[in-house]
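Chain by chain, the residues:
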Amino acid sequence: MQAIYAYMQAEGSDYLLALDQIADDFAPDLNSMEVQDRKLLEGKKQIAQLLFKEWFDTRQFETEETDKEIIDAVNRAIVYYQNLVKKDYKHYGNQMLNAVERIYDHYLATLQILEVIVNLIEEEEEKKEKRFTAAKGPDVKRFLENRVVQRLLSNKSYQQHIIRRSISWGSDISEIRLVYKNILKEDEAFLTYLSLPQPTAEDDFEIVKHIFKNIIFKEKNLQSLFEEQDLNWVENKAIVKSLVNKTIKIFSEESEEEPVLLDLSANWEDDKAFFEELYHQTIQDDEKYEALIAASVKNWDVERVALLDKIILKMALCEMHIFRSIPVKVTINEYIEISKLYSTPKSKQFVNGVLDKMAQELTTKGDIRKSGRGLIDNK
């Protein structure tokens, strides 16, 4: 949805840029030694812009205009506009997939905080040994023996993912250092764990779970850092948190087989194909869905419908048409939830009413056909 919204905003900007190019074509040449007829140039500019606007609305323009300079300017503007739109279409499609991939990078980076903490403890202990400093208070080295931590950091799947995706905290490690020094080392649950004579496997799991749940995912400075790294962190946090919780649970269990890190989803390649097709088809069939929405809201000026609501409706219609295995009810419910999160307070009722009406009409006409496990749900 965000990718389609960004594309449509860019499309409007591309239109204005094309008009600007026409204006530039008929701007007086200040370096010319000849006298410039400003009125004539202004007239040609206005005619050319009108013809371009006609093309933009209808994708063609008819004119008795014989001035080659005007026709050439319009054609150049059309080509310029089409190239910009083509570039934006590809850019936002790629950006959409990259944004999803970044969720996985954040999952890996969050797991890597354990590795950073281990390194900080080892660094701290090394300094103590060099200074012959006697240990004071609980022995933080106990955490280095944590079974969950050891299994994760020595795991081939974890190591390969970190290397392949170039995951590193870089200069931001200073923030983790502060959290370790000022929060974790003073944390009551962590101190209790360090004082245990022989922590059980359950103790190891619970303290790692506690560190992620109550420190890493709650500490304000870390959350601010996450938001800087991911503009959609408020939305993506729940996904990353779920992946991390499942991962530490897997690594807390005794098993003969070496565990592997989770994928972003159970069938990421299928999900990726779904995202791409939904993005491309919603944009390509924009005019068709615009007309369907306009016909369905006859008592409401379609131009007054919030842009996000229109995008939500178009995506839902696209999903109903091209993904036959997804039940209509599931699609409607999903997009109602999206409208609650991203659009206006009244969008939920509007989207629900319009989609329910349109789904019934299109199913009756045979324009929406479902097959597979969801068939019964679509009746």
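Note that the structure is predicted; figures quoted are calculated from it, not measured. In this numbering scheme, every chain counts its residues from 1 along its sequence in written order. Per-residue local features are limited, in this predicted model, to residues with pLDDT of at least 70; the limit for side-chain atom pairs, both in listing and counting, is 80 or more; totals at the level of whole chains, interfaces and linings are taken over all residues. The side-chain quantities take in all heavy atoms of the structure and omit both hydrogens and water.

So, the overall build of the protein
Selection criterion: The helix and strand labels rest on DSSP assignments: H or I over at least four residues marks a helix, E over at least two residues marks a strand, and numbering proceeds from the N terminus. Here the radius of gyration uses the C-alpha set of atoms, whereas the globule reference equals 2.2 Å times the residue count to the power 0.38. A 1.4 Å probe rolled over the protein chains alone gives each residue an accessible area, and that area as a share of the maximum for its type sets the label: buried under 20%, exposed over 50%, partly exposed in between. For this analysis, residues touch if any pair of their heavy atoms sits within 4.5 Å. Charged-residue counts in this description rest on Lys and Arg as positive and Asp and Glu as negative, His and the chain ends being excluded. The atoms used to mark charge sites are NZ of Lys, CZ of Arg, CG of Asp and CD of Glu.
From N to C terminus, the protein includes 15 helices and 0 strands. Over its C-alpha trace the protein gives a radius of gyration of 29 Å, far above what one expects of a compact globule, namely 21 Å for 379 residues. For the protein, the spread of C-alpha atoms along the three principal axes comes to 95 × 70 × 35 Å. Across the 379 residues in the protein, those meeting the buried criterion constitute 40%. Of the contacts made within the protein by residues no fewer than 6 positions apart, 73% connect residues no fewer than 24 positions apart. Here the protein carries 52 positive and 68 negative side-chain charges, and the mean point of each set is 4 Å from the other.

A short note on helix H13 (residues 307-322)
Applicable threshold: Helix span, as expected, comes to 1.5 Å for every residue beyond the first.
The end-to-end C-alpha distance of H13 is 22 Å, a good match for the 22 Å that 16 residues give at a rise of 1.5 Å each. With respect to burial, H13 is a largely interior element, 13 of its 16 residues being buried.

Focus: the nonpolar core
Short version of the rule: To define a nonpolar core, start from buried Ala, Val, Leu, Ile, Met, Phe, Trp, Tyr and Cys residues and group those joined through side-chain atoms within 4.5 Å.
Of all hydrophobic cores here, the largest spans 57 residues; its most connected members are Tyr-7, Phe-52, Tyr-279 and Leu-355. Elements with a minimum of two residues in this core: helix H1 (2-25), helix H2 (38-58), helix H3 (68-131), helix H11 (268-284), helix H12 (286-296), H13, helix H14 (328-342) and helix H15 (347-365). Examining the composition of this core, we find that 12 residues originate from one element, H3, more than from any other. Not counting residues within four places of it along the chain, the set of residues in contact with Phe-52 comprises Tyr-15, Ala-18, Leu-19, Ile-22, Val-74, Ala-77, Ile-78 and Tyr-81. One finds Val-100, Ile-162, Ile-248 and Leu-261 within the second-largest nonpolar core, a separate group that totals 51 residues.

Things to note about the packing of H11 against H13
To be explicit about the condition: Between the N-to-C directions of two axes lies an angle of 0 to 180 degrees, each axis being a line fitted to C-alpha atoms and, for a helix, fitted only over the stretch in contact. In these notes the angle categories are as follows: under 35 degrees is roughly parallel, over 145 is roughly antiparallel, 65 to 115 is roughly perpendicular, and the rest is oblique. In a left-handed crossing the near helix is turned counterclockwise from the far helix by less than a right angle, and in a right-handed crossing that turn is clockwise.
It is the contact of H11 with H13, at a shortest axis distance of 9 Å, that shows an interaxial angle of 115°. Relative to H13, H11 is oriented roughly perpendicular. Here H11 and H13 pass one another in a crossing that is right-handed. Where H11 abuts H13, its residues Phe-274, Glu-277, Leu-278, Gln-281 and Thr-282 lie against Lys-314, Met-315, Cys-318, Glu-319 and Ile-322.

Section: unusual backbone geometry
The phi dihedral of Arg-59 falls on the positive side, at around 65°, and the residue is not glycine. Here Arg-59 lies in the loop between H2 and H3. Residue Ser-166 is not a glycine yet carries a positive backbone phi of 50°. Tracing the backbone shows Ser-166 in the loop between helix H5 (156-164) and helix H6 (173-182).

Let's talk about the packing of H3 against helix H8 (residues 201-216)
This is how it is decided: Residue polarity is assigned by list, with Asp, Glu, Lys and Arg as charged and Ala, Val, Leu, Ile, Met, Phe, Trp, Tyr, Cys and Pro as nonpolar; anything else, Gly included, falls into the polar class.
One way to put it is that H3 packs onto H8 with a least axis distance of 12 Å and a crossing angle of 115°. By the angle between their axes, H3 is roughly perpendicular relative to H8. Classified by chirality, the crossing of H8 by H3 is right-handed. Across the interface between the two elements, Thr-110, Leu-111, Ile-113 and Leu-114 from H3 touch Val-208, Phe-212 and Ile-216 from H8. Here the contact of H3 with H8 is composed, by residue class, of 6 nonpolar, 1 polar and no charged.

Structural notes on the side chain of Asp-309
Rules: By definition here, a salt bridge exists when the distance from a side-chain nitrogen of Lys or Arg to a carboxyl oxygen of Asp or Glu is within 4 Å. Whenever a nitrogen or oxygen atom comes within 3.5 Å of another N or O atom, the pair is scored as a polar contact, on the condition that within protein one atom can donate a hydrogen and the other can accept it, and that pairs from neighbouring residues in sequence are kept only if both atoms are in side chains.
Among the secondary structure elements, Asp-309 is positioned in helix H13. The buried charged residue Asp-309 lacks any salt bridge, with Lys-310 as its nearest oppositely charged partner at 10 Å. A polar atom in the side chain of Asp-309 sits 2.8 Å from the side chain of Ser-347. The contact partners of Asp-309, leaving out residues within four places of it in the chain, are Ser-343, Thr-344, Ser-347, Phe-350 and Val-351.

Thoughts on the environment of Ile-248
In this fold, Ile-248 is placed in helix H10 (residues 233-250). Separated by 39 residues in sequence, Ile-248 and Lys-209 place their C-alpha atoms 7.3 Å apart. Setting aside residues no more than four positions away along its own chain, Ile-248 makes contact with Val-148, Phe-205, Val-208, Lys-209 and Phe-212.

Notes on a positive patch on the surface
Stated formally: What goes into a patch is any residue over 30% in relative accessible area without a salt bridge, connected to like charges within 9 Å or, for nonpolar side chains (Val, Leu, Ile, Met, Phe, Trp, Tyr), within 5 Å. Exposure was quantified through the Shrake-Rupley algorithm and a 1.4 Å probe, taking into account, for residues, occlusion by the shown protein chains and nothing else.
A cluster of basic residues, Lys-209, Lys-213, Lys-218 and Lys-249, forms a positive patch on the protein surface. Counting through the fold element by element, Lys-218 comes out in the loop between H8 and helix H9 (220-229).

What to know about the environment of Lys-370
By secondary structure assignment, the location of Lys-370 is in the segment after H15. A relative accessible area of 11% means that Lys-370 is categorised as buried. The spatial distance from the C-alpha of Lys-370 to the C-alpha of Tyr-193 is 55 Å, given a sequence separation of 177 residues.

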